[in-house]
Amino acid sequence: QFIPSPRSLLKILNRTGPRTDPWGTPLDTRILAINEAVDHGDVSQTLSALRSPDVGLYGVTPECAETYQRDCRLGKQKRDNASEWVKHWVRGGYHYYHNLRSRDGAWDEPSGFVHNSTQLSREEIQSTISGVTAAYNREQLWLANESLITKLQACCRGYLVRQEFNARLSFLKKQVPSQWRGYKQRKAYQDRLGYLQAHKDQVVKIQSMTRMYQARKRYRNRLQYFKDHINDVIKIQAFIRANKARDDYKTLISAENPPMVVLRKFVHLLDQSDQDFQEELDLMKLREEVVTLIRSNQQLENDLNLMDIKIGLLVKNKITLQDVVSHSKKLTKKNKEQLSDMMMLNKQKGGLKALSKEKREKLEAYQHLFYLLQTNPTYLAKLIFQMPQNKSTKFMDSVIFTLYNYASNQREEYLLLRLFQTALKEEIKSKVDQIHEIVTGNPTVIKMVVSFNRGARGQNALRQILAPVVKEIMDDKSLNIKTDPVDIYKSWVNQMESQTGEASKLPYDVTPEQALSHEEVRTRLDTSIRNMRTVTDKFLAAIVSSVDKIPYGMRFIAKVLKDSLHEKFPDAGEDELLKIVGNLLYYRYMNPAIVAPDAFDIIDLSAGGQLTTDQRRNLGSIAKMLQHAASNKMFMGDNAHLSIINEYLSQSHQKFRRFFQAACEVPELQDKFNIDEYSDLVTLTKPVIYISIGEIINTHTLLLDHQDAIAPEHNDPIHELLDDLGEVPTIESLIGEGTGSINDPNKEMLAKTEVSLTLTNKFDVPGGENAEMDARTILTKRLIVDVIRFQPGETLTEIIETSATSEQEAEHQRAMQRRAIRDAKTPDKMKKSISVKEDSNLSLQEKKEKIKTGLKKLTELGIADPMNKYQELINDIAKDIRNQRRYRQRRKAELVKLQQTYSALNSKATFYEEQVDYYKSYIKTCLDNLASKGKVSKKPREMKGKNSKKISLKYTAARLHEKGVLLEIEDLQANQFKNVIFEINPTEEVGDFEVKAKFMGVQMETFMLHYQDLLQLQYEGVAVMKLFNRAKVNVNLLIFLLNKKFYGK
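An account of the accompanying structure is given in this report. (Residues numbered from 1 in each chain as written. Predicted model: local features only at pLDDT ≥ 70, side-chain atom pairs only at ≥ 80, totals over all residues. Heavy atoms only, no water.)

Here the focus is the overall build of the protein. Assigned secondary structure in the protein consists of 40 helices and 12 strands. Across the 1049 residues in the protein, those meeting the buried criterion constitute 41%. (Helix = DSSP H or I, 4+ residues; strand = E, 2+ residues; numbered from the N terminus. Buried < 20%, exposed > 50% of the residue type's maximum accessible area, 1.4 Å probe, protein only.)

This part takes up the side chain of His653. Checked against the element boundaries, His653 lands in helix H26 (residues 646–663). Within polar-contact distance, the side chain of His653 engages the backbone oxygen of Ala630 at 3.3 Å. Ignoring any residue separated from it by four or fewer positions in sequence, one finds His653 in contact with Lys579, Ala629, Ala630, Ser631 and Asn632. (Polar contact = N/O pair within 3.5 Å; in protein donor to acceptor, adjacent residues only side chain to side chain. Contact = heavy atoms within 4.5 Å.)

Comment: phi is negative for the bulk of residues other than glycine, and the bulk of peptide bonds are trans. Of note, Tyr870 is a non-glycine position whose phi angle comes to about 60°, a positive value. Tracing the sequence through the fold places Tyr870 in the loop between helix H36 (844–861) and helix H37 (871–933). Assessed through its relative accessible area of 13%, Tyr870 is described here as buried. Positive phi, normally seen in glycine, also occurs at Phe1028, with a value near 55°. Structurally, Phe1028 can be placed in the loop between strand S11 (1024–1027) and strand S12 (1031–1034). For Phe1028, a relative accessible area of 10% translates into the label buried.

Taken together, the side chains of Tyr219, Leu223, Tyr225 and Phe226 present a nonpolar region at the surface, about 400 Å² in accessible area. In this structure, Tyr219 sits in helix H8 (residues 200–228). (Patch = residues over 30% accessible without salt bridge, like charges linked within 9 Å, V, L, I, M, F, W, Y side chains within 5 Å. Areas by Shrake-Rupley, 256 points an atom, 1.4 Å probe, with all protein chains shown as cover. Salt bridge = Lys/Arg side-chain N within 4 Å of Asp/Glu carboxyl O.)

One open sheet accounts for 4 strands, arranged S6-S8-S9-S10; its pairing is antiparallel. Either end of the sheet is taken by a strand with one partner, and the two such strands are strand S6 (953–956) and strand S10 (1002–1010). Across this sheet, the average inter-strand angle for adjacent strands is 20°, counted without regard to direction. The pairing of strand S8 (residues 980–986) with strand S9 (residues 992–999) spans 7 bridges and is antiparallel. Bridge pairing in S9 places Pro986 opposite Phe993. Across the face of the sheet, helix H40 (residues 1035–1046) comes into contact with S6, S8, S9 and S10 while running at roughly 140° to S6. (Pairing = 2+ DSSP bridges. Axes fitted to C-alpha atoms, helices over the stretch in contact; angles between N-to-C directions.)

What follows concerns the pattern of salt bridges. All chains considered together, the criterion is met by 17 salt bridges. Lys244 serves as the salt-bridge partner of Asp248, at 3.8 Å between the closest nitrogen and oxygen. You can see Asp248 and its partner Lys244 sitting in helix H9 (residues 230–254), 4 residues apart, about one turn around the helix. Accessibility expressed as a relative area gives 7% for Asp248, which makes it buried. Here Lys244 falls in the partly exposed class, since its relative accessible area comes to 47%. Between Lys847 and Asp786 there is a salt bridge whose closest N-O contact spans 3.0 Å. Taken together, the positions of Lys847 in helix H36 and Asp786 in helix H32 (residues 771–788) put the pair 61 residues apart, joining distant regions of the chain. For the pair shown, Lys847 and Asp786 are each scored as buried. A single salt-bridge network, built from bridges that share partners, covers Lys244, Asp248 and Lys265.

Let us look at the nonpolar core. In terms of nonpolar packing, the biggest core is built from 146 residues, with Phe370, Leu466, Phe539, Phe656 and Ile718 touching the most fellow members. With 11 residues, helix H24 (residues 574–595) is the single largest residue contributor to this core. Among residues more than four places away in sequence, those in contact with Phe539 are Leu466, Val469, Val470, Ile473, Ile594, Leu619, Ile622 and Leu626. (Core = buried A, V, L, I, M, F, W, Y, C linked by side-chain atoms within 4.5 Å.)

This next bit is on the sheet that holds S11. Read across the sheet, 3 strands follow the order S7-S12-S11 without closing on themselves; strand pairing throughout is antiparallel. Of all the strands in the sheet, just strand S7 (966–969) and S11 have a single pairing partner and so form its edges. Each strand axis lies, on average, 25° off the axis of its neighbour in the sheet, ignoring direction. Across 4 bridges, S11 lies against S12 in antiparallel orientation. Paired with Met1025 across the strands is Val1033, a residue of S12. Contacts from H40 reach S11 and S12, with the element oriented near 70° to S12.

The α-helix winds at 3.6 residues per turn, so residues separated by three or four positions along the chain end up facing the same way. Along helix H29 (residues 717–725), the residues that are buried comprise Ile718, His719, Leu721, Leu722 and Leu725. Buried residues of H29, seen end-on, are gathered within an arc of 165° and therefore sit on one face of the element. For H29, the side-chain oxygen to backbone nitrogen distance between the N-cap and Ile718 is 3.1 Å, and the N-cap itself is Asp716. Phi turns positive, to about 75°, at Gly726, one or two residues after H29. (Arc of directions from axis to C-beta.)

As a further point, take the environment of Gln514. Inspection of the secondary structure assignment puts Gln514 in helix H21 (residues 512–516). You can call Gln514 partly exposed: its relative accessible area is 42%. Placed 25 residues apart in sequence, Gln514 and Tyr489 show a C-alpha to C-alpha distance of 9.3 Å.

Okay, the packing of aromatic side chains next. Applying the stated criterion across every chain yields a total of 8 aromatic pairs. Where Phe656 meets Phe660, the ring centres are 5.5 Å apart and the plane angle is 20°; that geometry is what we call stacked. Of this pair, Phe656 and Phe660 both sit in helix H26, 4 residues apart, roughly one helical turn. Across the pair, exposure class does not vary: Phe656 and Phe660 are buried alike. An aromatic cluster is present here, built from Tyr586, Phe656, Phe659 and Phe660 joined pairwise through their rings. (Phe/Tyr/Trp six-rings, centres within 6.5 Å; stacked < 30°, edge-to-face > 60°.)

With that settled, consider the side chain of Asn583. Among the structural elements, Asn583 can be located in helix H24. Setting aside residues up to four positions removed in sequence, Asn583 forms contacts with Val439 and Arg588.

Structure below.
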């Protein structure tokens, strides 16, 4: 057996590159880790490295971690050699050389080797640890026996003092008589007293100095006591200050006239801190992402729904595969390219946001227009009613919800609900002549409200209410609800024919009475009714207990609907009004989610998953029962066979009635959102919307076409804004010159390009007779806030009449400079108006002069009263402080809500992407399968010019009549069927068949038969269809024949 020599072993180790000693200890890396931890100055990291078992250090004590760090750092600082090599000794007498830069190592000494003395070796580290630990142990030993040592020292000192005292006492007793000692003591006392009386001034001075020393000593002792208990002192001070601040704040919010001294303490809350700006930026960014995600998900969802339909047809009839493949490629392209490139316009150099005067004016004009449309609901409400219903639906889906950012914050939700309120009142006032028309007429506003509340914001509510019961119904595989006797009958007949392959002797078209004459039909119907009543109870219980879960917007519009109808139709009863409210809350809002829970994300389905036919029918039957109960509609007439549950419907209606009453009990908009038309003047950021170029052009066009109808007054502000905009621009002009020449297909895609508009009001404050008053009040209050922060005083009159000191002016100037620096870093969307910036440049005295002017104007307007020292303005500022706190709280809540919405939208987008992948995989499998059977080619072009062998079927009419496929041929006797031949040939398109009819060998007609049409007829329960408008065939048996001959089923 071969045993390598030490030199050979070193060469082998150098070739293989081990970084351990012969016993496998990663010594170099652990020593390096200790040195790096010491350099970083991280005590916890150094301690962790020292305690590593791989290093093998002993005596490491956690309490000495900081001392280890300090001593090791001092040891490294005394050295200055910064070589990249370090040498380690390992057991066995070997040396290992480690490169600090490349982290490589070698057992042979490198050429030009110089040891890095700044790196502590294991022995040096161990020496440091041993010394520190030993000192620590000695200290702990003394501390542990401190009381014994103190006692021993006291005993020794006591013994020495007693010994000295006894010696002195013995000497005095032996040497001096007591009388002589008394005489000398009295004489010394008299001499001392005389001396002190002769130097009385000096004595008083010494005494004062002594008393001063004693007082200073007591003060120092007290100060030291406070220092020793600094934490307790801080707690007490904080408690006292907190109580004082709490009392002051209570005074601020509850006092009818808060004093100036209290107001001054909290006026800093009106300032916008860095955190405020950061939260506003986060809110703007998150809102932009949420709106973009909503729009991209909607586009992707529409494409996926179309894909579902195409794949459904493919599953049924194995045709139109190339259409499905084409749509899949388009879907993938949208998913990967179009939906991820929605903010392209902001990067264009020649577009709407180009740096030119003309483009800037155009941009500002659009920002003014959309601000007016957003804040004044009258225009949009009238515009909706000017358009045809099909166009208004598209307009509201694309523009109105975009204009309000899908109500992504409280301000925009407030404005959108105000639009709904205005539009609904307008529609009821102008278009509803009979109270039932609000139900039968399908009002535009009601559709808008339902669409909004079933979107991203209201979807979670529907999911919370309905998801548990819907999932329970879906999981019950044995549940099968059918309440139509004819449907039950046809299902029964189809089931028999499909199973046997023979025509049933029962008639195909029957009346409900004829269907109920069969025992099997009656049995199935009774079972369905029992099951339906049981599951309907579960849905009803879930709905009537969910009042608080319904979105506020839905309940508010229900209240507006009820109140507006009662105002126009005062004779209408409470029951009639509540039925209309129920039509909104249940039939329009909840019912579709019950019928199609997969379409409204009530349930989670895996990619490619879908509800079965039985599940959809069960949910549809339950929804029908609930609708009858909500509207108190009994089963009668054609549904008389269900009259046995009418009593149950009446009882359920009473539960619904209480539910509808409770849903209408909500606060008004102003009370809910604490917003009015002047809120935009005091908020930190300007509103921003994200809208496509096509939507801008569409809105502009509609406003120009209907401007006389929506604003009949010639002095209406919207006429001025439309004049500023001029004619409707083209897509190319808004996109910019950089787009180059574009053809029509690309133009549609460019129209979807989005741009952000920072909405601004062209008119200083909302119009009205109080406009000047409100503007003057706001500007004056801003100046007062700036002044009272830097100049104290008991009243506003005292402050503005007293001159500011130089120190106050300097402090004010520094604060204004800091504000200017911060404003310079503020994004354009959050910048303040020019007038506010100019006011910031004024001195304290100049601001006071401007305040005096403002107060004089406000006094003339009747807002301010100098007799009570302008206390009204002080009260308004106190109210602003309280509102600022509420605004910050709302902003934080809105951030949390938007983050939750963003997360949910991302999850939804991920689900859609999984569906796309699933569809692609499914289509590929279909391509492979059909290609392998020879029924379709993966490359359809290769099929051209080639003769592919096709299966052809030829049957006489008599033979098809025997099979039950052919029922009759008009104007032809049955004994002539043998002279008629039907030839069925598949075409190039999978699922299409060419049917030729010959009579006596002469070709008569050709009929194109689509397999998908047959499946649709079977799904609709149609048993008989016509070929050539003369031959009647059995749909079920024809499908059976085609499946058997062409698809091998």
